[in-house]
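Here's the letter readout for the chains.
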Amino acid sequence: MSGILNSSIGRKFAMALSALFLMFFLLQHFSINILSVFSPETFNDVSHFMGTFPLVQYVLQPVLIFGVVFHFVMGFVLEIKNNKARRISYAKNNGGANSSWMSRNMIWSGAAILAFVCLHFYDFWFPEINTKFIVGDMSGLIDPNNAESGFRYYEELQHKFVDLWRVVLYVVAFVFLALHLLHGFDSAFQSVGANNKYTKGLKRFSKIYAIGIPLGFIFIAVFHFLNH
Amino acid sequence: MDMNLTLKIWRQKNASDKGSMVDYKVSDISPDMSFLEMLDVLNEQLINNDEEPVAFDHDCREGICGMCSLYINGEAHGPDRGVTTCQLHMRMFKDGDTITIEPFRATAFPVVKDLIVDRSSFDRIQHAGGFISVNTSGNTIDANATPINKEDADDAFSAATCIGCGACVASCKNSSAMLFVGAKVSQFALLPQGKIEATDRVLNMVKQMDDEGFGNCTNTGACEVECPKGISLENIARMNREYLAASLKG
Ligand code: HEM
Ligand code: SF4
Ligand code: FES
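Residues numbered from 1 in each chain as written. Chains lettered and ligands numbered in written order. Predicted model: local features only at pLDDT ≥ 70, side-chain atom pairs only at ≥ 80, totals over all residues. Heavy atoms only, no water.

Attention now moves to the pattern of salt bridges. Evaluation of the coordinates by the stated rule reveals 17 salt bridges over all chains. Residue Glu128(A) is joined to Lys132(A) by a salt bridge in which the shortest nitrogen-to-oxygen separation is 3.4 Å. Of the two residues, Glu128(A) and Lys132(A) are both situated in helix α5 (residues 106-134); the distance of four residues between them amounts to about one turn of the helix. Across the salt bridge formed by Asp23(B) and Lys8(B), the nearest N and O atoms sit 3.2 Å from each other. One end of the pair, Asp23(B), is in strand β2 (residues 20-29); the other, Lys8(B), is in strand β1 (residues 3-11), with 15 residues separating them in the sequence. Using a relative accessible area of 46% as the deciding quantity, one classes Asp23(B) as partly exposed. The class for Lys8(B) is partly exposed, based on a relative accessible area of 30%. One network of salt bridges, in which partners are shared, links Glu128(A), Lys132(A), Arg152(A) and Glu156(A). (Salt bridge = Lys/Arg side-chain N within 4 Å of Asp/Glu carboxyl O. Helix = DSSP H or I, 4+ residues; strand = E, 2+ residues; numbered from the N terminus. Buried < 20%, exposed > 50% of the residue type's maximum accessible area, 1.4 Å probe, protein only.)

Quick look at the structure:
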């Protein structure tokens, strides 16, 4: 087991594990966000639970942050290593003849997602951490001194999607996410060594996931933009 | 219809020379010629003009030795599928075409001269474990004495058709050798005779592959498309499984 991250296959495997974890997280994140379209009350209740339940806050959240950081750091490490493996590039290279654009540009779709993650943290995560752990208000209420004021999560969400520029940035980021996943989903299974009679079916499902989830997120952003 | 062509060819005097692309013209090329025959015509022309002929690798000229490592118009072994350069016909091109011809590029395949690269990194990977240790002197066991499941035998045979040409490395944006090594690992991993040394084999071959400076696979699948022998990506997945299982053991 020792030094598995020092081998090419070990790094691939670790990359795929972090990616599979992120794809699972994305599904969970989407399931909660879509509630905001159907039922603000349920969305508020679930958000409050996720935001205050210790297992989520102190165990799953650090694991997630580690997963994201590991994934993009390893992505950059692999990119640098792979560039070193060919120091002189071809005068003429017809990459489109044998591979998809998505598969050749994971670092760029990844970088776009990373930029989005920074904006997203600025929008939601930092204010959340500030309210809960710096100000010390764990109530989740719009007015912490008034129990009747209701939960603040839905209101904060709507407030974020007032600016058109932000909605546009979110939409663009989700398009890159779709491009990333169109290659990444299948790739992760191949990396962990799963290529068998189920692969064909999995590839069909991966298209649905890779396009469906980002499209769903786009729908949520646009919905709140139009309905605030 | 015979063709007149412009060739852009990588010329490099020796391993330490910087090298550059040089333009040449050839005329009256028959569509029935192979790509290497077209280069023979060019070289004859160069020799007649007292110029240095273009150095390129070749041996069998029938798709089995894997020597003819040329990157043609942006693809390993050119635009056709399932062929090596020696099996590529000039009918894939049109009169008036410009054809770019480069050596396979990878840090682990350094250029020796012009279009010739040193692929001995592949040999060293093979030496690290691409074999089975059996005594072949006088006590050969009858092949049919060891029953082998038909599917495994077929898959092992398919993997064994890899000719070590390096097109997978040349086509890969990461210069990864995983299709080659995956084929060499699979060929033995699928057979009872290969299982005995399976753990050491995969660990040692992958270590050698990494030490040689090949890149990390990101599953673009370019190798499988460009491989003249149709070696499948399933072999990479199998190698990954073998390697992960072996790392847990070793
Ligand atoms: C929610 C966010 C993200 C998800 C769901 C995700 C998902 C994936 C998946 C499924 C793979 C394929 C893994 C494999 O081939 O084994 C992958 C690969 C990759 N990701 Fe991400 N990713 C995300 C964010 C990022 C970010 C922020 C970067 C930043 C640079 C990035 C860079 C890469 C790169 C370079 C690869 C290709 C490396 C390889 O295949 O070995 N990803 N990603
Ligand atoms: S796997 Fe295919 S492309 Fe790679 S060395 Fe073997 S025959 Fe050539
Ligand atoms: S010269 Fe032997 S494969 Fe082309």
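Turning our eyes to something else, we now look at the site of ligand 1. In the vicinity of ligand 1, 25 residues are found, and the nearest of them are His71(A), Phe72(A), His180(A), Ser187(A) and Ser191(A). Per-site note: the chains with residues close to ligand 1 are chains A and B. Contacts to ligand 1 include His180(A), whose side-chain N or O atom sits 2.8 Å from a nitrogen atom. At 2.8 Å from an oxygen atom of ligand 1 is found a side-chain nitrogen or oxygen belonging to Ser191(A). Only α1 (8-38), α3 (54-84), α5 and α7 (164-191) of chain A provide two or more residues apiece to the shell around ligand 1. Across the shell around ligand 1, the residue classes break down as 16 nonpolar, nine polar and no charged. (Near = heavy atom within 4 Å. Polar contact = N/O pair within 3.5 Å; in protein donor to acceptor, adjacent residues only side chain to side chain. Nonpolar A, V, L, I, M, F, W, Y, C, P; charged D, E, K, R; others polar.)

Right, let's talk about the coordination of the iron atom of ligand 1 for a bit. Residues and elements named next belong to chain A. Looking at the iron atom of ligand 1, one finds its protein donor set to be His-71 (NE2) and His-180 (NE2), positioned 2.0 Å from the metal centre. Metal-centred angles of 87 to 179 degrees between the six donor atoms at the iron atom of ligand 1 mark the site as octahedral. Taken together, the residues His-71 in helix α3 and His-180 in helix α7 connect sequence positions 109 residues apart. (Donors = N, O, S within 2.8 Å, 3.2 Å for Na, K, Ca; no water. Tetrahedral: all angles 85-135°; square planar, octahedral: opposite > 155°, others 65-115°.)

Before going further, it helps to examine the nonpolar core. Within soluble globular proteins, side chains that are nonpolar generally end up buried alongside one another. Val181(B), Phe214(B) and Met239(B) are the most contacted members of the largest nonpolar core, which totals 40 residues. Among the elements of the structure, α2 (120-127), α4 (167-171), α5 (178-189), α7 (198-211) and α9 (234-249) of chain B are those that each provide at least two residues to this core. If you tally residues by element for this core, the top one is α5(B), at six residues. Residue assignment places this core across two domains, with domain 1 (3-112) and domain 2 (119-249) of chain B each supplying three or more. Counting residues in hydrophobic clusters, the runner-up holds 30 residues, among them Ile34(A), Tyr154(A), Tyr170(A) and Ala210(A). (Core = buried A, V, L, I, M, F, W, Y, C linked by side-chain atoms within 4.5 Å. Domains from an automatic or database assignment.)

Take a nonpolar patch on the surface next. Residue and element names in this part refer to chain A. The grouping of Phe-21, Phe-49, Phe-53, Leu-55, Tyr-58, Val-59, Leu-60, Val-63, Phe-133, Ile-134, Val-135 and Met-138 at the surface amounts to a nonpolar patch, some 1100 Å² of accessible area in total. Counting only elements with at least two residues in the nonpolar patch, the list comes to α3 and α5. In terms of residue count, the dominant contributor to the nonpolar patch is α3 (five residues). Considering the arrangement of structural elements, one finds Phe-53 in the loop between α2 (40-52) and α3. Exposure remark for Phe-53: the relative accessible area of 34% places this residue in the partly exposed category. (Patch = residues over 30% accessible without salt bridge, like charges linked within 9 Å, V, L, I, M, F, W, Y side chains within 5 Å. Areas by Shrake-Rupley, 256 points an atom, 1.4 Å probe, with all protein chains shown as cover.)

For the rest of this paragraph, the subject is the environment of Ser175(B). Relative to the helices and strands, Ser175(B) is located in the loop between α4 and α5. Separated by 14 residues in sequence, Ser175(B) and Thr161(B) have C-alpha atoms that sit 21 Å apart. Ignoring sequence-local partners within four residues, the contact set of Ser175(B) consists of Ala85(A), Arg86(A), Arg105(B), Ala106(B), Val169(B), Phe214(B) and Gly215(B). (Contact = heavy atoms within 4.5 Å.)

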